[in-house]
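# Summary of structural features
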Amino acid sequence: TDKKLWAGRFNQPTDAFVEAFTASVEFDQRLADYDIQGSIAHATMLAKQGMLSEKERDAIIGGLERIRQRIANGDFPWSVALEDVHMNIEAVLTEDIGDAGKKLHTGRSRNDQVATDVRLWLRDEIAAIQAEIRRFQLALVELAEREADTILPGFTHLQTAQPVTFGHHMLAWFEMLQRDHGRFEDCARRMNQCPLGAAALAGTTYPIDREYSAELLGFDAPCANSLDAVSDRDFAIEFSAAASILMMHLSRMSEELIIWSSAQFGFITLSDSFCTGSSIMPQKKNPDVPELVRGKSGRVFGHLMGLLTLMKSQPLAYNKDNQEDKEPLFDTVDNLKGCLKVFADMVPEITCNAEAMRQAALKGFATATDLADYLVRKGIPFRDAHEVVGKAVALCVQRNCDLADLSLEELRAFSPAIGNDVFDYLTLEGSVAARNHTGGTAPEQVRKAIARARGLLA
Ligand code: ARG
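Residues numbered from 1 in each chain as written. Predicted model: local features only at pLDDT ≥ 70, side-chain atom pairs only at ≥ 80, totals over all residues.

### Quick notes on the overall build of the chain
Quick reminder of the rule: Each helix corresponds to a stretch of at least 4 residues labelled H or I by DSSP, and each strand to a stretch of at least 2 residues labelled E; elements are numbered beginning at the N terminus. Any residue surrounded by 20 or more other C-beta atoms within 10 Å of its C-beta is treated as buried, while 12 or fewer makes it exposed and the intermediate range makes it partly exposed; C-beta atoms here are placed from the backbone. By the criterion used throughout, residues are in contact when their C-beta atoms, derived from the backbone, lie within 7 Å.
In terms of regular secondary structure, the chain is built from 20 helices and six strands. The buried share of the chain, taken over its 458 residues, is 42%. For the chain, contacts bridging at least 24 residues in sequence account for 76% of all contacts bridging at least 6.

### Thoughts on the pairing of strand β2 (residues 159–165)
Within a regular beta strand, the side chains point alternately toward one face of the sheet and then the other, so they alternate between its two faces. Basically, it comes down to this: A pair of strands is considered paired only if DSSP assigns at least 2 bridges between the two.
With six bridges joining them, strand β1 (residues 151–156) and β2 adopt antiparallel strand pairing. From the neighbouring strand, L152 faces β2, where its bridge partner is V164.

### Section: the site of the ligand
Selection criterion: For each residue, a C-beta position is placed from the backbone atoms; the residue is near a molecule or strand when that point lies within 6 Å of it. Under the scheme applied here, ten amino acids are nonpolar (Ala, Val, Leu, Ile, Met, Phe, Trp, Tyr, Cys and Pro), four are charged (Asp, Glu, Lys and Arg), and all others, including Gly, are polar. Where each domain begins and ends is defined by an automated method or by a domain database.
Every residue near the ligand is listed here: S24, D28, D84, R110, N111, V114, Y318, K320, N322 and Q323. Of the residues forming the shell around the ligand, the biggest block, three residues, is contributed by helix α7 (residues 110–146). When grouped by side-chain class, the residues that make up the shell around the ligand number two nonpolar, four polar and four charged. Domain assignment of the residues forming the shell around the ligand places at least three in each of domain 1 (7–106) and domain 2 (111–147 + 166–204 + 220–358).

### Here's the deal with the environment of L31
Tracing the chain through its elements places L31 in the loop between α2 (25–28) and α3 (32–48). C-alpha of L31 to C-alpha of A214: the two residues are 183 residues apart in sequence and 18 Å apart in space. The contacts of L31, once residues within four sequence positions are left out, are V85, D117, V118 and W121.

### With respect to the domain arrangement of the chain
The domain architecture assigned to the chain consists of domain 1 (7–106), domain 2 (111–147 + 166–204 + 220–358) and domain 3 (364–457). Look at where the C-alpha atoms of domain 1 and domain 2 centre, and you get two points 32 Å apart. With eleven residues of domain 1 at the contact, the number on the domain 2 side is twelve residues. Of all the secondary-structure elements, those providing two or more residues to the side of domain 1 that touches domain 2 are α2 and α3. Of the residues belonging to the side of domain 1 that touches domain 2, the class tally is three nonpolar, five polar and three charged.

### Some points on the confidence of the model for the chain
Filter applied, for reference: For every residue, the predictor reports its confidence as pLDDT, a number between 0 and 100.
Scored by pLDDT, the chain has a mean of 96; 100% of the residues are at 70 or more. The ipTM for the predicted assembly is 0.96, set against a pTM of 0.95.

### Side note on the environment of I208
Its location among the elements puts I208 in the loop between β3 (193–194) and α9 (210–216). Along the sequence, I208 and R108 sit 100 residues apart, while their C-alpha atoms lie 9.9 Å from each other.

### Here's the deal with the UniProt feature "domain: Fumarate lyase N-terminal" (unreviewed entry) in the chain
Under the convention used in this document: UniProt positions are given in the numbering used here, feature names are shortened, and annotations may be inferred rather than shown by experiment.
The UniProt record marks residues 8–302 with the feature "domain: Fumarate lyase N-terminal" (unreviewed entry), using the residue numbering of this structure. Secondary structure content for residues 8–302 is 62% helix and 6% strand, and the end C-alpha separation is 40 Å.

### Some details on the environment of K448
Counting through the fold element by element, K448 comes out in helix α20 (residues 443–457). Separated by 170 residues in the primary sequence, K448 and S278 place their C-alpha atoms 43 Å from one another.

### Details of the packing of α3 against helix α5 (residues 85–97)
The criterion, for reference: All axes here are fitted lines through C-alpha atoms, helices being fitted over the stretch that makes contact, and every angle between N-to-C directions spans 0 to 180 degrees. Note on angle classes: values under 35 degrees are labelled roughly parallel, values over 145 roughly antiparallel, values of 65 to 115 roughly perpendicular, and the remainder oblique. Left-handed is the label given to a crossing in which the near helix is rotated counterclockwise from the far helix by less than a right angle, and right-handed is the label when the rotation is clockwise.
The interhelical angle for the contact between α3 and α5, taken along N-to-C directions, is 60 degrees, at an axis separation of 10 Å. Comparing their axes, α5 and α3 come out oblique. Here α3 runs over α5; the crossing is right-handed. Between α3 and α5, the contacting residues are A32, D35 and I36 on the first element and V85, H86 and I89 on the second. Its residues assigned to classes, the contact of α3 with α5 comprises four nonpolar, one polar and one charged.

### So, α20
Formally: Helix span, expected: 1.5 Å multiplied by one less than the number of residues in the helix. Throughout, the arc means the angular range of directions from the helix axis out to the C-beta atoms.
The terminal C-alpha atoms of α20, which comprises 15 residues, lie 21 Å apart, in line with the 21 Å expected from a rise of 1.5 Å per residue. All of the buried residues along α20 are Q445, V446, A449, I450 and A453. On an axial view of α20, the arc spanned by its buried residues comes to 145 degrees, and they lie on one face. Counted as exposed and oriented over 90 degrees from the buried face of α20: A451 and G455. Buried residues along α20 sit in contact with α7, β2 and α8 (166–191).

### Looking at unusual backbone geometry
Omega for the bond connecting L316 with A317 falls within 30 degrees of zero, at 0 degrees, which places this linkage in the cis form. Locating A317 in the fold gives a position in the loop between α12 (288–311) and α13 (326–346). Positioned with a positive phi, A199 is a non-glycine residue whose angle comes to about 55 degrees. For A199, a count of 22 C-beta atoms within 10 Å translates into the label buried. Of note in the backbone geometry, F365 takes a positive phi value of approximately 60 degrees without being a glycine. The residue F365 is located in the loop between α14 (354–362) and α15 (368–377) in this model. By C-beta crowding, F365 is classed as buried, having 21 other C-beta atoms within 10 Å.

In structure tokens form, the structure reads like this:
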């Protein structure tokens, strides 16, 4: 079976190293199931169009099903000499069923086969990725619900800014993932066109029915242009871009989890089952999982750059360069799914240390803006109020105390507009509760946002 399917015009055997160098079967055998699906659709179409008898079609489909089974059982004779998944399957099919197998390649090329296989594979993987995103989002909603009232300092520049609720913070992550989900949706929709029938590049002289092949495989339509059909890898790049943005999000979340779980912050505790220890320092419990996710973002970004560079100078139509699209895509999918899974599993087991968050929020004048807003409500222009509070903060810094530690008299020295009710506005609870509008951090709004999020997940 190792006889090359294209050997007709060759006089010398392939150089042994070149054979291995040009082969892709070691990695593209992962596409076997999709290659078989595509071949079954193609044979079905050929028979409908009168280019195969029903008997030949059935022999081909039967043979392909047996091959599917053999591959699943790990008992398929993969051969590097047969270069790639497409020719391996076709050669074994012909060995099994004889001449009908040789007719399968009528009106098609490996170029449209590989373009079809990758699209079919990626379509399934995108669905699996989207399901994992949903599972992760649900975990975030549940954590947000649990911690809707828990207050921590919100940061800008990693400096204490204003108090926020932990639930609100989790729902910010939810929104990132919501956009990621939409990006994969777009990618899958644009990708869902069928290259079959492009043949090598120009189309084919046989009376094929491309609409029918496309329909059999669940594509929305055949690709509109045969040259584009076999040379387009936009879908791979678009997928990698969506994957990179998602990994960037996971990396940002990782960074926060790592900071929050440090002894210096102590805001959260990660479950032991998602941490590892140190071989030398007995006290250590390291946030390896988020660290590794943060690290893996690098390889996914790298694959995006790799794919862009792979495509940037290719003339139409197919070039062997394209064989290089598969390993980065496979690696992107595997790592992305792994990262999503580990986050979806880890997040429900996060414990919040509400007291540590509260103590941190009490430092750093998180309610300074609330004091300024209070003065505005008493009729002071915002810029003046800003100045007044800034001076009060400066005094606190000098005394190493908080705004709420100043007496009413001391505060009134900065502005006589300040009254006894001011202390209500300087509390953390008052501060978050006051931000009670769509998208705000008030627990009431967090609960509304949770209801909306649950609706989106339903
Ligand atoms: N193994 C090839 C790939 O991955 C399949 C298509 C090969 N076509 C060709 N004309 N050499 O792209």
